Amino acid sequence: MAGNSKAKLGIGVIGCGNISMTYLRNAALFAGVELRACADISADAAALRAREYGIRTLSVDQLLADPEVDLVLNLTVPAVHFDVTMSALSAGKHVFTEKPLATSAADGRILVAEAKRRGLRLGSAPDTFLGAAGRRARRLMDEGAIGRPVSGTAFMMGRGMEHWHPNPQFYYQPGGGPVFDMGPYYLTMMVNLLGPVVRVMAMATKGQEERLITADGPFKNTRFKVGTPTNILSLLEFQSGATVNFGASWDVFRHSNHPIELHGTEGSLRLPDPDTFGGTVSLSEHGADWRDFESDGELYGAKNWPFDSPDRANYRMLGVADLARGLQEGRPSRASGELALHVLEIMEAILLSGESRQSVRIDTQFTPPSRLNEDEARSFLA
């Protein structure tokens with residue numbers, strides 16, 4: 001499609017679970033992409049999505065071989081992200097995968113190298129940092145609103161999954177836990193604003209050795225063993241010299257910590273939940289009262305999810321639209337494989353440091369993505 005501004009990137013979806021509904025519905029918002037086919041290990045799940053969105057249902061092998069599919073949207077479970085992404089790259093397809101890029105940094109490096117070797121685009125969620133709140137925060141940081149960043153805090157805390165998910169066991173095994181499940185949102189946002197991380201120190205514990213499932217379903221009132229830390233406190237050292245305390249826990253009933261706060265030599269910045277595209281960004285300059293920047297009226301900030309009663313902004317597919325435009329213009333994608341690999345290495349280092357009680361250096365180097373300005377963001381729309 002390079003060189004043809006009217007061409008659309010043909011999308012083939014692998015993985016037709018719950019998260020696919022958001023991507024498939026949001027695809028219609030963007031001018032540069034077009035849904036072509038879907039596949040799933042469950043033929044029934046694929047057939048349902050195909051009927052809902054008027055696309056073809058194929059087997060995975062058929063989808064990978066289909067000439068109408070330019071990019072594979074990998075929405076499978078994390079345990080098979082590496083295998084599906086590698087298969088798609090080997091078939092000559094660009095890939096955008098749900099987070100995390102892979103379940104180990106070693107596998108992530110292989111994927112990034114393979115995409116580069118083949119001249120293909122590799123992108124990864126989260127793309128929430130491209131939403132209205134993320135763009136506002138990046139603009140303020142780039143303009144020097146808080147001066148030189150010095151410190152910050154980021155907290156993702158809750159009670160975990162077993163009270164609402166009917167089959168939550170996999171969340172509590174290696175490759176899961178609050179760091180790998182929710183960490184990508186927080187770490188991607190901070191890396192976008194502060195640049196790369198160079199060193200990590202952490203402590204990690206389990207709040208409970210066993211969990212009781214209380215959600216309705218076949219496993220209600222049964223217990224399972226926890227196989228990964230569920231309460232992690234880490235200290236991130238950024239290349240810029242800033243240090244941020246990042247906490248992730250599924251052992252907290254209630255708290256009053258803000259999702260992300262950044263403090264600099266001229267002021268402080270407060271960000272909303274980075275798992276959404278909108279919310280309120282607040283700035284305090286030299287200790288003055290907070291000045292709020294709302295996202296409701298901003299592009300990719302209006303509440304649109306859940307569909308029947310929206311209470312948050314959810315524009316997943318924005319990163320794919322940016323990838324498609326990047327292909328046309330010959331520029332790097334913002335939600336890139338390189339960014340996702342850096343975040344993956346940070347997450348792995350947090351758990352490694354928590355186990356060893358030693359600091360861990362981060363090896364990956366990358367250039368933070370360019371800021372998405374408002375005119376460009378608007379140009380993505382259909």
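- In the nomenclature of an unreviewed UniProt entry, the protein is known as Dehydrogenase of Rhizobium miluonense.

1. Quick look at the nonpolar core
Most often, soluble globular proteins have nonpolar side chains that are buried together.
Step number 1: Formed by 114 residues in total, the largest nonpolar core has its most connected members in I11, L73, L236 and M317.
Step number 2: For this core, the leading source of residues is helix α7 (residues 177-194), giving eleven residues.
Step number 3: Those residues in contact with I11 that lie beyond four places of it in its chain are V33, E34, L35, R36, A37, L71, L73, M317 and V320.

2. Brief notes about helix α4 (residues 81-90)
Step number 1: Of all ten residues in α4, seven are buried; the element is thus mostly enclosed.
Step number 2: Taken together, the buried positions of α4 are occupied by H81, F82, V84, T85, M86, A88 and L89.
Step number 3: If you follow the buried residues of α4, they end up packed against β1 (9-14), α3 (60-65), β4 (71-74), β5 (94-97), α5 (105-118) and β6 (122-124).
Step number 4: Of the residues trailing α4, G92 is marked for its positive phi of about 85°.

3. Points about the side chain of R325
Step number 1: Structurally, the position occupied by R325 is in helix α8 (residues 318-329).
Step number 2: In contact with R325, not counting residues within four places along its chain, are R331, S379 and F380.

4. Examining the pairing of strand β13 (residues 260-264)
Step number 1: Relative to β13, strand β7 (residues 149-157) runs antiparallel, the two sharing five bridges. By the bridge assignment, T153 is partnered in β13 with E261.
Step number 2: Summarising the sheet, β13 and strand β14 (residues 267-271) pair through four bridges and their orientation is antiparallel. In the sheet register, L262 faces β14, and the bridge partner there is L269.
Step number 3: Counting the residues that bridge the hairpin from β13 to β14 gives two residues.

5. Considering the pattern of salt bridges
Step number 1: Taken as a whole and assessed by the stated rule, the structure comprises 28 salt bridges.
Step number 2: Across the salt bridge formed by R49 and E52, the nearest N and O atoms sit 2.9 Å from each other. Residue R49 and its partner E52 are both found in helix α2 (residues 43-53); the two are separated by three residues, about one turn of the helix.
Step number 3: Using a relative accessible area of 42% as the deciding quantity, one classes E52 as partly exposed.
Step number 4: Residue R331 pairs with E329 through a salt bridge whose shortest N-O separation is 3.3 Å.

6. A closer look at the sheet that holds β6
Step number 1: With parallel pairing, the six strands of this open sheet are ordered in space as β3-β2-β1-β4-β5-β6. Edge positions in the open sheet fall to β3 (56-57) and β6, since each of these has one partner strand only.
Step number 2: Across six bridges, the pairing between β1 and strand β2 (residues 33-39) is parallel. Paired with G12 across the two strands is A37, which belongs to β2.
Step number 3: The sheet contacts of α8 involve β1, β2, β4, β5 and β6, and relative to β5 the element is tilted by about 155°.

Quick notes on the rules
- Residues numbered from 1 in each chain as written.
- Predicted model: local features only at pLDDT ≥ 70, side-chain atom pairs only at ≥ 80, totals over all residues.
- Heavy atoms only, no water.
- Core = buried A, V, L, I, M, F, W, Y, C linked by side-chain atoms within 4.5 Å.
- Buried < 20%, exposed > 50% of the residue type's maximum accessible area, 1.4 Å probe, protein only.
- Helix = DSSP H or I, 4+ residues; strand = E, 2+ residues; numbered from the N terminus.
- Contact = heavy atoms within 4.5 Å.
- Pairing = 2+ DSSP bridges.
- Salt bridge = Lys/Arg side-chain N within 4 Å of Asp/Glu carboxyl O.
- Axes fitted to C-alpha atoms, helices over the stretch in contact; angles between N-to-C directions.

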